[in-house]
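Coordinates in review
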Amino acid sequence: MDWEALKLEVRQLLDEKDAVLMVHNYQRPEIQDVADELGDSLALCQKAQQVDRDRIVFCGVDFMAEAAKILNPSKVVHHPDLDSVCPMAHMVDTEGLKMLQEQKPDAVTVSYINTSSEVKALTDICCTSANAVDVVRATGASEIIFTPDTNLGMWIKRKLPEVEMHFWPGYCPTHMLITVPILKQMRAEHPEAEILAHPECTPDVIDFSDGCFSTEGMIKYAARSPAKEFIVASERDMAYRLHLAHPEKTFHPVSIAVCPNMKKITLQKVRDSLKHDKGIVELDEDLMDAARRPLEKMVAIGRSSFDSGPQEIAAQVA
Ligand code: SF4
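A brief structural summary. Quick caveat, the model's predicted, so the values are computed rather than measured.

Observations regarding the pattern of salt bridges
Within this structure, the stated rule accounts for 19 salt bridges. Here Asp 134 and Arg 137 are joined by a salt bridge, their closest N and O atoms 3.0 Å apart. Highlighted residues: Asp 134 and Arg 137, both in helix α7 (residues 132-139), separated by three residues, approximately one helical turn. A residue is classified by how much of its surface remains accessible, and Asp 134, at 19% relative accessible area, is buried. The residue Asp 289 makes a salt bridge to Arg 292 at a minimum N-O spacing of 2.8 Å. Residue Asp 289 and its partner Arg 292 are both found in helix α14 (residues 285-301); the two are separated by three residues, about one turn of the helix. Arg 292 gets classed as buried once you look at its relative accessible area, which sits at 15%. By sharing partners, the salt bridges in this structure join Glu 9, Arg 271, Asp 272 and Lys 275 into a single network.

Pasting the structure below:
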């Protein structure tokens, strides 16, 4: 494969179609290389709202491309592989959520952005891992239904122990592959490295790590840390994203932590989507209207200060 020729072709097509290429931090390296906007869910939502070109090509999983369409509905949004879906997002269904809401009528529903548009439409406010604690705090509620990631929910609960939280039993299959024995082995191989964990990891993995961060929080922390090496307890290609941001430092991925759905999108599919107008996101207008409200509230809250460093983790665990 002549990657440079393909990258050039994609860039030319983006110009011809007046399109912006938005790429999540877990995408393949060759896609990250040609991104106009590279970031986490929150950053990409913020950018999607402001896009003034005709089209958005979104390289991420289904709910991310849908969120871009909902937040900027006049744009044509391409999702280069419509089968690239987030399994965690599909662990929560509207019927089950409605039932839980009937059982807990006083609870405010907070949903991770990793949910379907239908679930968002039943949600009071969305969050990402970059602002989850601030979002829950901003509701002012003493009782929360949190969907769908139990691990992120437990992370919030550590920060806000006074809030009663009802967790939906969802999880990220990729982050669940990261275990303490794997990290112990990696620490033995790289004794100088700090371990950075994502809040979708299990609590024991977070406790074993030196800090727990959203993906953008990892980028910021790596800049201010004196460490030169890091073990990245998140999706494998997050290490490449960190390398792009800090080429002077070394980032070790957990090699088995691959999200197969993120990897369904290839640079060839990006080209084909643009060339043949394939993979256009289409959503019902009423559904988009209902799902926009909790997303806009999330974006308005912005990025949280919760991303923690080693000292804060130590204080929590103590
Ligand atoms: S890494 Fe996990 S949460 Fe992210 S898209 Fe893949 S399955 Fe979903």
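Moving on, there is more to tell.
Digging into the sheet that holds strand β2 (residues 37-39)
The strand order β2-β1-β3-β4 describes an open sheet built from four strands, whose pairing is parallel. For this open sheet the edge positions go to β2 and β4 (76-78), each flanked by a neighbour on one side alone. Shown here is a sheet whose adjacent strand axes are inclined to one another by a mean of 20 degrees, direction ignored. With five bridges joining them, strand β1 (residues 19-24) and strand β3 (residues 55-59) adopt parallel strand pairing. Along β3, the bridge assignment pairs Met 22 with Phe 58.

Side note on the site of the ligand
In the region of the ligand, the neighbouring residues are Tyr 26, Val 61, Cys 86, Pro 87, Met 88, Asn 114, Cys 172, Pro 173, Glu 200, Cys 259 and Met 262. Here the shell around the ligand is composed, by residue class, of nine nonpolar, one polar and one charged.

Topic: the packing of helix α4 (residues 62-71) against α14
Two elements in contact, α4 and α14, have axes whose closest approach is 9 Å; the angle formed by their N-to-C orientations is 95 degrees. Taken together, the axes of α4 and α14 lie roughly perpendicular to each other. In this structure, α4 uses Ala 67, Lys 69, Ile 70 and Leu 71 to contact α14, whose residues at the interface are Met 288, Ala 291, Arg 292, Leu 295, Glu 296 and Val 299. Grouping the amino acids of the contact of α4 with α14 by side-chain chemistry returns seven nonpolar, no polar and three charged.

Cut-offs applied
Residues numbered from 1 in each chain as written. Predicted model: local features only at pLDDT ≥ 70, side-chain atom pairs only at ≥ 80, totals over all residues. Heavy atoms only, no water. Salt bridge = Lys/Arg side-chain N within 4 Å of Asp/Glu carboxyl O. Helix = DSSP H or I, 4+ residues; strand = E, 2+ residues; numbered from the N terminus. Buried < 20%, exposed > 50% of the residue type's maximum accessible area, 1.4 Å probe, protein only. Pairing = 2+ DSSP bridges. Axes fitted to C-alpha atoms, helices over the stretch in contact; angles between N-to-C directions. Near = heavy atom within 4 Å. Nonpolar A, V, L, I, M, F, W, Y, C, P; charged D, E, K, R; others polar. Parallel < 35°, antiparallel > 145°, perpendicular 65-115°, else oblique. Contact = heavy atoms within 4.5 Å.

Any link to function would need more than the numbers given here.
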